[in-house]
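# Analysis of the macromolecular model
These are the residues of each chain, in order.
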Amino acid sequence: MHKLAQLDHDYVWHPFTQMRDWLKQEPIVITSGHGVVLKDARGKEYLDANSSIWTNLHGHNHPKINAAIKKQLGKISHSSALGFANEPASLLAQRLITVANALPSANAPRGSSKSSLLNPKLSKIFYSDDGSTAMEVALKLAYEYARRSGRSKKPKFLSLEGAYHGDTVGAVSVGHIDLFHKAYSGLLFQTDKVMAPYCYRCPFNRAKPERADARDYRKCNFECTGIVEEQFAAQKKTGNPYAAMVVEPLMQGAAGMIPQPTGWLRRVAEIVRGHGAQLVADEVMTGFGRTGSLFASHQESVQPDFLAVAKGMTAGYLPMAATLTTQAVFDAFLGDYSEFKTFFHGHSFTGNQLGAAAALASLDVLESKQSLLARQRLEETLRVELQKLWSLPQVGDIRQVGLVAGIELVKDWTTREQFHLRERAGIRVCEAMAKRGVLTRPIGSVVVLMPPYCSTLSQARTMVRALGESIQETFSTQKR
Ligand SMILES: *Cc1c(COP(=O)(O)O)cnc(C)c1O
């Protein structure tokens, strides 16, 4: 075993990992990365097919981002946001507010009147350091805003089935993945969940399985949004209306890459606003171009009251996050010092300079014509290549939104019969992919492909080909 792998085995406890399995084999020790390629301690190269758990945007060792970090490093790495402002954090705040308010209104979904949605302006940024903390900030602010504005004495949140918003206790409270969350239920505050649109397995979808994305052939009457409306109405009757609804716009990530049909988010935002509640958008995964627009909410002409971003914010180079919100929320925390209306919350590395410098450089790259074009081409290639996987009987659903795709594996596509988690179908396929030099992680039986934006078309084809071959290999050796 490599010396570094041995040290890992001796001392490191890995996230979301059954360590007994981990300790059975030599781990891949990453020592460098360039573009889409990761290199391990033995010199073997791999394609980073999930962008290092959904964080990386423009590839590893990007010259512009490296240069921005180095330049900042020569000035200062970190000073505290408690008591001081700093150069890159100020510049980044202005930049983020500008791009977050550049809402393309032209592409409002058909049949929806613009006036029915009162989109707020986002005016202020609260920095933190990862997706979970960005969500904690949004939840605490929404909670206190609902109290101070007189909406509710005991503010309550509504979120989606299968939701994942991070692993800190507040974020877990609005999460609904039993496997991760149930054990800690005694620690959590109570929230409600409501049906998420999961067209492939939706009880209201009367369509038989087809060889296409279930969103495209579904037969339903959008019962899912009707249920959201009913839930809001029922909660109102209790005398304590919901303070806010929390959603991952366009696609739920850790739930299994579950995409929303066109018009869902728009309709839900109208329901939320119609009931005077606030909308919290968790764009930790979907933000910064991942779904085809800078922010996913904007594709449905929706502007949330809270926009949480992290992962890709620094192009995946450094841990930094932000919660954007409105002037109205900010104002609710203003007062004489002695009123103690202050938002008593903060983290040691809030507004970190190196992270902010990386984020600014990443926005430059993101907004360049070159990157925009490359992303469109990559998205198209991914779409074409993924079609080839329909020939495999274990491929049940292929759902792509921009540069994210979830491929749901099933025992038999004609029945949608699921693999039991114990069968480790997704894990086995990903292990076979790693042997082919393509790295990604499954979510249960859903294999994720999320290429960095700088992937060449040939690298994208390699990723999909490795997935196809690995599915064949994994299930051909299985006894029938
Ligand atoms: C990853 C993720 C989080 C949590 O972010 P961390 O940086 O891991 O704390 C929250 N929400 C969504 C949608 C995510 O994908």
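Residues numbered from 1 in each chain as written. Predicted model: local features only at pLDDT ≥ 70, side-chain atom pairs only at ≥ 80, totals over all residues. Heavy atoms only, no water.

### Things to note about the packing of helix α10 (residues 223-237) against helix α11 (residues 264-274)
- Where α10 meets α11, the closest approach of the two axes is 10 Å, and the angle between their N-to-C directions is 15°. As far as their axial angle goes, α11 and α10 are roughly parallel. Considering only the axes of α10 and α11, their crossing is right-handed. Contacts between α10 and α11 involve C224, T225, V228, E229 and F232 from the former and W264, R267, V268, I271 and V272 from the latter.
- Classifying every residue of the contact of α10 with α11 gives seven nonpolar, one polar and two charged. (Axes fitted to C-alpha atoms, helices over the stretch in contact; angles between N-to-C directions. Helix = DSSP H or I, 4+ residues; strand = E, 2+ residues; numbered from the N terminus. Parallel < 35°, antiparallel > 145°, perpendicular 65-115°, else oblique. Left-handed = near helix turned anticlockwise from the far one by under 90°. Contact = heavy atoms within 4.5 Å. Nonpolar A, V, L, I, M, F, W, Y, C, P; charged D, E, K, R; others polar.)

### Details of the packing of aromatic side chains
- One pass over the structure, following the stated rule, counts 10 aromatic pairs.
- Each ring, one from F232 and one from Y242, has its centre 5.3 Å from the other, and the planes form 75°; the classification is edge-to-face. Within this pair, whereas F232 is found in helix α10, its partner Y242 is found in the loop between α10 and β7 (244-247), the two being separated by 10 residues in sequence. Accessibility classification places F232 together with Y242 in one group, the buried group.
- Each ring, one from F288 and one from F295, has its centre 5.5 Å from the other, and the planes form 65°; the classification is edge-to-face. Neither F288 nor F295 differs from the other in exposure class; each is buried.
- By the ring-pair criterion, three or more aromatic residues cluster together here, those being F16, Y164 and F180.
- Here K124 stacks its cationic end above the ring of F330, 4.5 Å away from the centre of that ring.
- Taking the ring centre of Y200 as reference, the NZ or CZ of R416 above it sits at 5.4 Å. (Phe/Tyr/Trp six-rings, centres within 6.5 Å; stacked < 30°, edge-to-face > 60°. Buried < 20%, exposed > 50% of the residue type's maximum accessible area, 1.4 Å probe, protein only. Lys NZ or Arg CZ within 6 Å of the ring centre and 35° of its normal.)

### Considerations on the UniProt feature "modified residue: N6-(pyridoxal phosphate)lysine" (unreviewed entry) in the protein
- The feature "modified residue: N6-(pyridoxal phosphate)lysine" (unreviewed entry), as annotated in UniProt, sits at K311 in this numbering.
- For K311, the position within the fold is in the loop between β11 (306-309) and β12 (321-325).
- When neighbours within four sequence positions are excluded, K311 is seen to be in contact with I53, W54, T55, V284 and G316. (UniProt positions renumbered as here; feature names shortened; annotations may be inferred.)

### Observations concerning helix α1 (residues 3-11)
- Along α1, the positions that sit buried rather than exposed are A5, D8 and H9. Down the axis of α1, the smallest arc covering the buried residues is 95°, so these residues share one side. Residues K3 and Y11 are exposed on α1 and point more than 90 degrees away from its buried face.
- The inward-facing, buried residues of α1 contact α2 (19-22). (Arc of directions from axis to C-beta.)

### Things to note about helix α6 (residues 131-148)
- The terminal C-alpha atoms of α6, which comprises 18 residues, lie 26 Å apart, in line with the 26 Å expected from a rise of 1.5 Å per residue.
- When you tally the buried positions in α6, you get 13 out of 18 residues, the bulk of the element.
- Sitting at the amino-terminal end of α6 is D130, which places a side-chain oxygen 3.2 Å from the backbone nitrogen of S132. (Expected span 1.5 Å × (residues − 1). Polar contact = N/O pair within 3.5 Å; in protein donor to acceptor, adjacent residues only side chain to side chain.)

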